[in-house]
Structure formats: structure tokens, C-alpha cells
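# Working through the structure, step by step
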Amino acid sequence: QVQLVESGGGLVQAGGSLRLSCAASGRTFSGSAMGWFRQAPGKEREFVAAISWSGGSTAYADSVKGRSTISRDNAKNTVYLQINSLKPEDTAVYYCAADRDSLVSVNIRHYASWGQGTQVTVSS
């Protein structure tokens, strides 16, 4: 089991940027693909971005494609999500998750370990 702790959320104005971090501990981190998901009030949790264990492959939801970057530092057991040009509709709790496999996946069912989430609020 991987333990995950997110940080970096907060209140930001529309058009601003945030860099979310997810620190992992526990079993081998570098063997797992990692993903970011988000959940807004009253909505289902949705995929945002994912990265393979090597960092060589990434995937993004259409809603954030072109204005976000997922990256990882396996030496620091940390994965990051940079989101630029934030919009009010980006407001949600953002969760980090570890995949059961090393390959990129957008399927929430592939993710076995989850953090507690970090709140991102974008004001208009």
C-alpha cells in the first residue's frame, strides 16, 4: 500500500496558477503510474491527469489539456500537477492516486491508493 499526501491547494483568482504536490511513502513508488483526479460538490470524481512510472507517458482530461502539466520525481517520491489559467470550474477537491500498474490509465478503477485530497477554489 502506498500512502499519499497532497498539498498546494488554496484559493486563487481566475487566470492564476497552482502547483499541487503529492508525497508518497510505503511500498515502491517508482513502479506505479500516478494520477490526479478531482471532485466538485455534487459531482462524481473525475480524471484530470496521469503519468507512467517512468514519466515517459502522460494523459490529460480535455478540460485541462494545454494548460496543465503532470510530472514526477521518483527520487523524491513525489508527483506534481501544475495548472495554469485556472477557471472557476476547476474548483474541486484534488486527489492524488497510485495505480496498480506502471502504465498510464484514465480509469479510476485502476487506482488502488488515494490521498485525502487538497481543496482548490478558483474565484471569478
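One can find the structure itself at the top, above this paragraph.
The text that follows walks through the structure, step by step, so that each part is easy to find. (Residues numbered from 1 in each chain as written. Predicted model: local features only at pLDDT ≥ 70, side-chain atom pairs only at ≥ 80, totals over all residues. Heavy atoms only, no water.)

### As for the pattern of salt bridges
In plain terms, the rule: Criterion for a salt bridge: a side-chain nitrogen of Lys or Arg within 4 Å of a carboxyl oxygen of Asp or Glu.
Applying the stated criterion to the full structure yields four salt bridges. One salt bridge connects Asp-62 with Lys-65, and the closest N-O pair in it is separated by 3.3 Å. Sharing partners across several salt bridges, the network here consists of Arg-38, Glu-46, Arg-67 and Asp-90.

### Some thoughts on the environment of Leu-81
Going by this rule: Helix numbers and strand numbers start at the N terminus; a helix is a DSSP run of H or I with at least 4 residues, a strand a run of E with at least 2. Each residue's exposure class comes from its accessible area (1.4 Å probe, protein chains only) as a fraction of the maximum for that residue type: buried when under 20%, exposed when over 50%, partly exposed otherwise. What makes two residues a contact is simply this: any of their non-hydrogen atoms within 4.5 Å.
As for its placement among the helices and strands, Leu-81 is situated in strand E8 (residues 78–83). Exposure remark for Leu-81: the relative accessible area of 0% places this residue in the buried category. Taking the C-alpha atoms as reference points, Leu-81 and Asp-62, separated by 19 residues in sequence, lie 15 Å from one another. Setting aside chain neighbours within four positions, we find Leu-81 in contact with Leu-18, Arg-19, Leu-20, Trp-36, Val-48, Ala-49, Ser-68, Thr-69, Ile-70 and Tyr-94.

### Focus on the sheet that holds strand E7 (residues 68–73)
Spelled out, the test is: One bridge is not enough; two strands pair if DSSP finds at least two bridges between them. Every axis in this analysis is a line fitted to C-alpha atoms, fitted for helices over the stretch in contact. Angles between the N-to-C directions lie between 0 and 180 degrees.
In spatial order, the strands read E1-E3-E8-E7; together these four strands make up an open sheet with antiparallel pairing. Each edge of the open sheet is held by one strand with a lone partner, namely strand E1 (2–7) and E7. Pairs of neighbouring strands in the sheet enclose a mean axial angle of 15 degrees, with direction left out of account. Examined bridge by bridge, E7 and E8 share six bridges and lie antiparallel to one another. Note that in E8 the partner of Asp-73 across the bridge is Thr-78.

By themselves, these are just geometric observations and shouldn't be taken as functional.
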